[in-house]
Amino acid sequence: MSDFSEWTPELWQSRVATQQPNYPDAEALRRVVAALGSLPPLVTSFEIVALKRQLAEAATGDRFVLQGGDCAESFAECDSGTISNRLKVLLQMSVVLIHGLKLPVVRVGRFAGQYAKPRSTDTETRDGVTLPSYRGDIVNAAEFTAAARVPDPQRLLRGHAHSAMTINFVRALIDGGFADLHHPEYWELGWMQHAPLQQEYRRMVTAISESVRFMETLAGGALGSFSRADFYTSHEALVLHYEAALTRQVPRKPGWFNLSTHFPWIGMRTAQLDGAHVAYCRGISNPIGLKVGPSVTAEQLLPVIDALNPDNEAGRLTLIHRMGVAKVGAALAPLLDAVKREGKSVLWVCDPMHGNTEATSNGYKTRRFENIQGELDQAFDIHAAAGTRLGGVHLELTGENVTECMGGARALTETDLERAYKSNVDPRLNYEQSLELAMLIVRKRGSSR
Ligand code: PEP
Ligand code: CO
């Protein structure tokens, strides 16, 4: 076993930390970090260890991972409708996947802490005025005023509180109120009549309904709630003062756990081998995700894998590739080959969102459903050809009826984007597009096995 006895949650401070807020008041920051350090954690080490085991099973093809949620949560949308609709769509998608793939699904939400965003530039200029970029609600506010854009350490405490409220409500919903979501009769499926694949989708839904009824007949009553179905949280481990303050030791287990989330990931912009984010994540015992973009070479990736998973532990490291539909064909295979050749134990997950972002002529950041689906389809094929396994998907989605991504059954176009574009950052699949994508994953996997 690698020796981490010298590691502390503050070790990152001796490395170059990119994408960190520039807090004007160091003393205020110090007080907040001290306060955070004594607040209760949001998850437990037992859950974290259980998730790691499930991710190891996904890597060997015995489970499939569905990871999804907002690009960025906002404090204003920490409300019952947003949280329950997001949970609903994830649960319904998981029912589609479980039925179609004949595998248990590991459900991981991008929520209860997804409040920090990396930005490509430190400042934003509008009409000749330059201000610090919006870095997510845990750092500053999106409004374009000088006051709103100053990083405020109090927001770290608000981030913790909003994460706690979210996870509390999610746990309550999972425990009690969501049993009827097994039944497609309760899903909103009006969109299917607009889909070219309508007949196929309907057959899938009928088959799910019949299976649920069969299970209920066997069980002698309605299926129980999702209480036995685990639900995990994840967010980008970006603002290291926050992550470190929630990193704790627990009784009777060695090492350190980030108890603000089950499954933190390192974003593409902070994945430098000698950087602070890798130095921090290296020392925690959680399963870790690492985003991998199209310009990463095998020579760059392998040392980062070793840094994050020196003992080659199963379930520890998930590589989330996000290449884009135009680049995945050339960029992915060399990485799969190198990781396989070196015998690295990793779980591969595809994020078909972040390589497919584009701007429309009317100024919206969007993604085309066909590109998202196209990258995923190719990813399944490239893995199959390489003899590796695509063990899950990572999506940006919401349960709301937004119009942020184009395409899907209702063939949303540029002009539709104006109608209900709500995201402050990246465009998300809406309820209908999310459910449709789950059905297309089943369709693809069914044909490629
Ligand atoms: C994200 O997941 O929202 C994100 C910023 O991704 P990436 O680091 O892959 O660009
Ligand atoms: Co995003």
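Residues numbered from 1 in each chain as written. Chains lettered and ligands numbered in written order. Predicted model: local features only at pLDDT ≥ 70, side-chain atom pairs only at ≥ 80, totals over all residues. Heavy atoms only, no water.

Our focus in this paragraph is the nonpolar core. The biggest cluster of nonpolar side chains holds 114 residues, and the ones touching the most others in it are Leu 87, Leu 156, Leu 290 and Leu 319. The contact partners of Leu 290, leaving out residues within four places of it in the chain, are Ile 266, Ala 271, Leu 301, Val 304, Leu 308, Leu 317, Thr 318, Leu 319 and Ile 320. (Core = buried A, V, L, I, M, F, W, Y, C linked by side-chain atoms within 4.5 Å. Buried < 20%, exposed > 50% of the residue type's maximum accessible area, 1.4 Å probe, protein only. Contact = heavy atoms within 4.5 Å.)

This part covers the site of ligand 1. Surrounding ligand 1, one finds Cys 71, Arg 110, Lys 117, Pro 118, Trp 265, Gly 267, Met 268, Arg 269, Lys 291, Arg 322, His 354 and Glu 396. In the model, an oxygen atom of ligand 1 is placed 2.7 Å from a nitrogen or oxygen of the Lys 117 side chain. Each residue belonging to the shell around ligand 1 can be placed in one class, and the counts come to four nonpolar, two polar and six charged. (Near = heavy atom within 4 Å. Polar contact = N/O pair within 3.5 Å; in protein donor to acceptor, adjacent residues only side chain to side chain. Nonpolar A, V, L, I, M, F, W, Y, C, P; charged D, E, K, R; others polar.)

Considering all chains together, one arrives at 25 salt bridges under this definition. When the shortest N-O distance is used, the salt bridge between Glu 57 and Arg 63 registers 2.6 Å. The class for Glu 57 is partly exposed, based on a relative accessible area of 30%. Between Glu 124 and Arg 149 there is a salt bridge, with its nearest N and O atoms 3.0 Å apart. Of this pair, Glu 124 sits in strand E3 (residues 123-126) while Arg 149 sits in helix H4 (residues 146-149), placing them 25 residues apart in sequence. You can call Glu 124 partly exposed: its relative accessible area is 24%. Where salt bridges share partners, they join Asp 70, Glu 73, Arg 86, Glu 404 and Arg 428 into one cluster. (Salt bridge = Lys/Arg side-chain N within 4 Å of Asp/Glu carboxyl O. Helix = DSSP H or I, 4+ residues; strand = E, 2+ residues; numbered from the N terminus.)

Attention now goes to the pairing of strand E8 (residues 263-266). Here E8 shows two buried faces, one formed by Phe 263 and Trp 265 and the other by Pro 264 and Ile 266. The pairing of strand E5 (residues 231-236) with E8 spans three bridges and is classified as parallel. Each residue of the ladder has a partner; that of Glu 236, found in E8, is Trp 265. As paired elements, E8 and strand E9 (residues 288-292) share two bridges and run parallel to each other. What sits directly across from Ile 266, in E9, is Leu 290. As for the winding sense of the linkage, the β-α-β connection from E8 through helix H8 (residues 276-282) to E9 is right-handed. (Pairing = 2+ DSSP bridges. Right-handed = clockwise from strand over helix to strand, strands pointing away.)

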